[in-house]
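An overview of the molecular structure
Single-letter residue listing:
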Amino acid sequence: MDDDLPESVKECLKILDDCVDFLSDLERNLDDEKEDELAPDLKLHQLYDMTEDVAESAKIKRAESNLMRRQIGDTL
């Protein structure tokens, strides 16, 4: 029975990794929908700032997602 425990833990971590991937994708999709909405009467510099903010936000989210994957991978 002790030999089965590590395999069970690995299976649980795999399921957890899949769930994290699914939730991360879902969060990204929801955020993308919100980011696609434009407010009327924006000036050009406001649009430029918004574009920069969206690009930086996407980079941060990607980095967070990659960090989570690496942390989960290290536990396997």
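In this report, we go over the structure that sits alongside the text.

Comments concerning the overall build of the protein
Across its full length, the protein carries two helices and zero strands. Within the protein, the fraction of its 76 residues that count as buried is 8%.

So, a negative patch on the surface
Together, Asp49, Glu52, Asp53 and Glu56 make up a negatively charged patch on the protein surface. The residue aspartate 53 is located in helix α2 (residues 44–75) in this model.

Things to note about a nonpolar patch on the surface
Together, Phe22, Leu23, Leu26 and Leu30 make up an exposed nonpolar region whose accessible area comes to about 410 Å². For leucine 30, the location among the structural elements is in helix α1 (residues 4–35).

Looking at the layout of surface pockets
Taken as a whole, the largest pocket encloses approximately 160 Å³ of empty space. Taken together, Val20, Leu23, Ser24, Glu27, Arg28, Asp31, Lys61, Glu64, Ser65, Met68 and Arg69 make up the full set of residues lining the largest pocket. Here the lining of the largest pocket gets six residues from one element, more than from any other, and that element is α1. Grouping the amino acids of the lining of the largest pocket by side-chain chemistry returns three nonpolar, two polar and six charged.

Overview of the environment of methionine 68
Topologically, methionine 68 is positioned in helix α2. Of the residues examined, methionine 68 reaches a relative accessible area of 38% and is grouped as partly exposed. Placed 51 residues apart in sequence, methionine 68 and aspartate 17 show a C-alpha to C-alpha distance of 8.9 Å.

Observations concerning the side chain of serine 65
Along the chain, serine 65 falls in helix α2. The exposure class assigned to serine 65 is buried, which follows from its relative accessible area of 9%. Dropping the residues within four chain positions of it, serine 65 is found in contact with Ser24 and Arg28.

Thoughts on the environment of valine 20
Here valine 20 is to be found in helix α1. Between the C-alpha atom of valine 20 and that of serine 65, which follows or precedes it by 45 residues, the distance is 8.8 Å. Beyond its immediate stretch of four places on either side in the chain, valine 20 contacts Met68 and Ile72.

Thresholds, definitions, all that
- Residues numbered from 1 in each chain as written.
- Predicted model: local features only at pLDDT ≥ 70, side-chain atom pairs only at ≥ 80, totals over all residues.
- Heavy atoms only, no water.
- Helix = DSSP H or I, 4+ residues; strand = E, 2+ residues; numbered from the N terminus.
- Buried < 20%, exposed > 50% of the residue type's maximum accessible area, 1.4 Å probe, protein only.
- Patch = residues over 30% accessible without salt bridge, like charges linked within 9 Å, V, L, I, M, F, W, Y side chains within 5 Å.
- Areas by Shrake-Rupley, 256 points an atom, 1.4 Å probe, with all protein chains shown as cover.
- Salt bridge = Lys/Arg side-chain N within 4 Å of Asp/Glu carboxyl O.
- Lys, Arg positive; Asp, Glu negative; His and termini not counted.
- Charge placed at Lys NZ, Arg CZ, Asp CG, Glu CD.
- 1 Å grid on protein atoms, 1.4 Å probe; cavity = no way out; pocket = protein on both sides within 12 Å on 5 of 7 lines; lining within 4 Å.
- Points joined across faces, edges and corners; volume = space filled by probe spheres on them.
- Nonpolar A, V, L, I, M, F, W, Y, C, P; charged D, E, K, R; others polar.
- Contact = heavy atoms within 4.5 Å.

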